[in-house]
Amino acid sequence: VIIGGGGHGLATAYYLAKVHGITRVAVVEKGWIGGGNVGRNTTIIRSNYGLPGNEPFYEWSMKLWEGLEQELNYNAMISQRGVLNLFHSDGQRDTFARRGNAMRLHGVDAGLLDKDAVRRMAPFLNYDQARFPVMGGLYQARGGTARHDAVAWGYARGASELGVDIIQNCEVTGFVRDAAGAVTSVDTSRGRIGAGKVGMAVAGNSSRVAALADLRLPIESHVLQAFVSEGLKPVIPGVITFGAGHFYISQSDKGGLVFGGDIDGYNSYASRGNLPVVEDVCEGGMAIMPMIGRARLLRGWGGIMDMSMDGSPIIDRSPVAGLYFNGGWCYGGFKATPASGWCFAHLLATDGRHDTATAFRFDRFRTGHLIDEKGQGAQPNLH
């Protein structure tokens, strides 16, 4: 049983069936397929990480993205339009140079651009502000965007065609355990389902579902808001991130400017945000890209982020026998969807960690082997 019918859960089920030949799989989803974070994100895909525990995994995900539409025979609208991370100080430039070098050591494309190169690519940015002068950027040409809900639908169709059962409106209400404490079944709102192994991939609801098995996770749930403007003619060439102001933006195929910022500063399981963060995100956009003030905001929404203590995910066996965990993706869950499903399927099928996901362990918080990218992936700033 895979709990969670989002991108990670559906990808896990697909690769269990396709790669490992395991088709006696049920994906149970409390709502509808793609109704959670996979349909609520800002669609960015990239592999520009710096630490050895992260970079091979996200590059594996990028390679899976590059072949995903052919693999699933489904149009996921993958657009490798490039990702540009701006830097605004000598120290930030040196940090980006180290990250770029780490990427290249792993065979990943990376280019450090100076101010003039960035200006040619994005002449509309504010290059004259004194507080955050645009000095250059780190560019990954293979990064870009994908149609988030289409990714869920593609994996769902692919898994279903291979024999996986996908059960919507089926909320897990408890776990059945044997005398030794191992999970043997899940109780749901539609009845009990027996399982040799149970995998959790429920994003911001991880702590709530784990609590049903008396498991406490090193995770907090926060709201992350995103926004889209009215449709405009093409103006943003790719994905642009303004790390100093925590603002990131791209343009959808329908013309809307899709953007977001930092998480809301309180714990919540509700997929709605608050107005101060709306103001903060819009201020960040105006600071780096004043022209955005001429666009009308069409709508905003929220997703529930499962924020780990070091900003990196967990793909591991849980302390409860028979229960496996995939979560703690913070801001980075969508871009990881293919590799997350691949590696979680590998863990469920073999009980061994995939070569690219060996660092995503529960016990790293006890042993001190943290994977903290210092804001390159996700910096939760939890208290």
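Scroll up for the structure.
Residues numbered from 1 in each chain as written. Predicted model: local features only at pLDDT ≥ 70, side-chain atom pairs only at ≥ 80, totals over all residues. Heavy atoms only, no water.

**Some thoughts on the pattern of salt bridges**
In plain terms, the rule: The term salt bridge refers to a pairing of a side-chain nitrogen on Lys or Arg with a carboxyl oxygen on Asp or Glu at a separation within 4 Å. A run of H or I in DSSP counts as a helix once it spans at least four residues, and a run of E counts as a strand once it spans at least two, with each numbered from the N terminus. Summary of the burial criterion: residues with accessible area below 20% of their type's maximum are buried, those above 50% are exposed, and those between are partly exposed, where the area comes from a 1.4 Å probe applied to protein chains only.
Within this structure, the stated rule accounts for 16 salt bridges. The salt bridge partner of R93 is D90, with a shortest N-O separation of 3.3 Å. Of this pair, R93 and D90 are both found in helix α4 (residues 90–105), three residues apart, which corresponds to roughly one turn of the helix. The closest approach of N and O atoms between R192 and D187, which form a salt bridge, is 2.6 Å. Take D187: its relative accessible area is 21%, and that puts it in the partly exposed class. Within this structure, E59, E66, D109 and R142 form a network of salt bridges that share partners.

**Here's the deal with helix α8 (residues 275–288)**
This is how the line gets drawn: Given a helix with a known number of residues, its expected span is that number minus one, times 1.5 Å. Arc definition: directions from the helix axis to the C-beta atoms.
Its 14 residues give α8 an end-to-end C-alpha distance of 20 Å, which sits within 8% of 20 Å, the value for a rise of 1.5 Å per residue. Among the residues making up α8, those that are buried are V277, V278, V281, G284, G285 and I288. Each buried residue of α8 sits inside an arc of 125° when the element is viewed along its axis, so together they form one side. Turned more than 90 degrees from where α8 packs its buried face, L275 and P276 sit exposed.

**Describing the nonpolar core**
For clarity, the threshold we go by: Definition of nonpolar core: a set of buried residues of the types Ala, Val, Leu, Ile, Met, Phe, Trp, Tyr and Cys, connected through side-chain atoms within 4.5 Å.
Judged by nonpolar contacts, the single largest core of 44 residues is most densely connected at Y15, F57, W65, Y155 and I315. Only α1 (7–18), α2 (55–66), α3 (68–72), α6 (148–161) and α9 (337–350) provide two or more residues apiece to this core. For this core, the leading source of residues is α1, giving seven residues. Ranked by size, the runner-up nonpolar core spans 25 residues in total, among them I236, I240, F242 and M289.

**A few points about the sheet that holds strand β16 (residues 256–267)**
Going by this rule: Only strands joined by at least two bridges in the DSSP assignment are considered to pair. Comment: axis = line fitted to C-alpha atoms, over the contacting stretch for helices; angle = value between 0 and 180 degrees taken between N-to-C directions. Contact criterion: two residues are considered in contact whenever any of their non-hydrogen atoms come within 4.5 Å of each other.
Here eight strands make up an open sheet; going across it, the order is β5-β6-β4-β14-β15-β16-β13-β17 and the pairing mixed. Looking at which strands have only one partner, the edges of the open sheet turn out to be β5 (111–114) and β17 (297–308). Direction aside, the axes of adjacent strands within the sheet are offset by 25° on average. One ladder, built from six bridges, connects strand β13 (residues 219–231) with β16; its direction is antiparallel. Along β16, the bridge assignment pairs A226 with G260. Where α8 meets the sheet, its contacts fall on β4 (83–87), β13, β14 (239–242), β15 (247–251) and β16, and the angle it forms with β16 comes to roughly 135°.

**Observations regarding the pairing of strand β11 (residues 191–194)**
Note that strand β10 (residues 183–188) and β11 share four bridges and pair antiparallel. If you follow T188 over to β11, its bridge partner there is G191. Between β10 and β11, which pair antiparallel one after the other, the connecting turn spans two residues.

**As for unusual backbone geometry**
In the Ramachandran plot, H246 falls in the positive-phi region, its phi being about 50° despite a non-glycine side chain. Here H246 lies in the loop between β14 and β15. The backbone of D351 sits at a positive phi, close to 65°, despite the residue not being glycine. On the secondary structure map, D351 appears in the loop between α9 and α10 (364–367). On the basis of relative accessibility, which here comes to 34%, the residue D351 falls in the partly exposed class.

**Quick notes on the environment of N267**
Rule in force here: Here a polar contact is taken to be a pair of N or O atoms separated by no more than 3.5 Å, where protein atoms must pair a possible hydrogen donor with a possible acceptor and residues adjacent in sequence count only if both atoms sit in side chains.
Along the chain, N267 falls in strand β16. Remark: the alpha-carbon pair of N267 and E220, spanning 47 residues in sequence, is separated by 6.8 Å. Only 3.1 Å separates the side chain of N267 from the side chain of H222, close enough to count as a polar contact.

**What to know about the sheet that holds β10**
With antiparallel pairing, three strands are arranged side by side in an open sheet as β9-β10-β11. If you trace the sheet from one side to the other, it starts and ends with β9 (172–177) and β11, each paired once. Strand-to-strand twist in this sheet, taken as the mean axis angle between neighbours without regard to direction, amounts to 25°. Pairing of β9 with β10, which is carried by five bridges, proceeds in the antiparallel orientation. Note on β10: the bridge partner recorded for V176 is S185.

**Quick notes on α1**
In this model α1 runs 16 Å from its N-terminal to its C-terminal C-alpha over twelve residues, within 8% of the 16 Å that 1.5 Å per residue would give. Within α1, eleven of the twelve residues are buried, which leaves the element mostly enclosed by the surrounding structure. Of all the positions in α1, only G7, H8, G9, L10, A11, T12, A13, Y14, Y15, L16 and A17 are classed as buried.

**Focus on the packing of α1 against α9**
So the rule is basically this: Should an angle lie under 35 degrees it is considered roughly parallel, over 145 roughly antiparallel, and from 65 to 115 roughly perpendicular; all remaining angles are considered oblique. In this scheme the crossing of two helices becomes right-handed for a clockwise turn of the near helix relative to the far one and left-handed for an anticlockwise turn of less than a right angle. Each residue is assigned to one class: nonpolar for Ala, Val, Leu, Ile, Met, Phe, Trp, Tyr, Cys and Pro, charged for Asp, Glu, Lys and Arg, and polar for all the others, Gly among them.
Where α1 contacts α9, the two axes come as close as 7 Å, and the packing angle between them is 55°. Here α1 lies oblique to α9, going by the angle between them. You can see that α1 and α9 cross each other, and the crossing is right-handed. Seen from α1, the contacting residues are G7, H8, A11, T12, Y15 and L16; seen from α9, they are T337, P338, S340, G341, W342, F344, A345, L348 and A349. Counted by class, the contact of α1 with α9 contains nine nonpolar, six polar and no charged residues.

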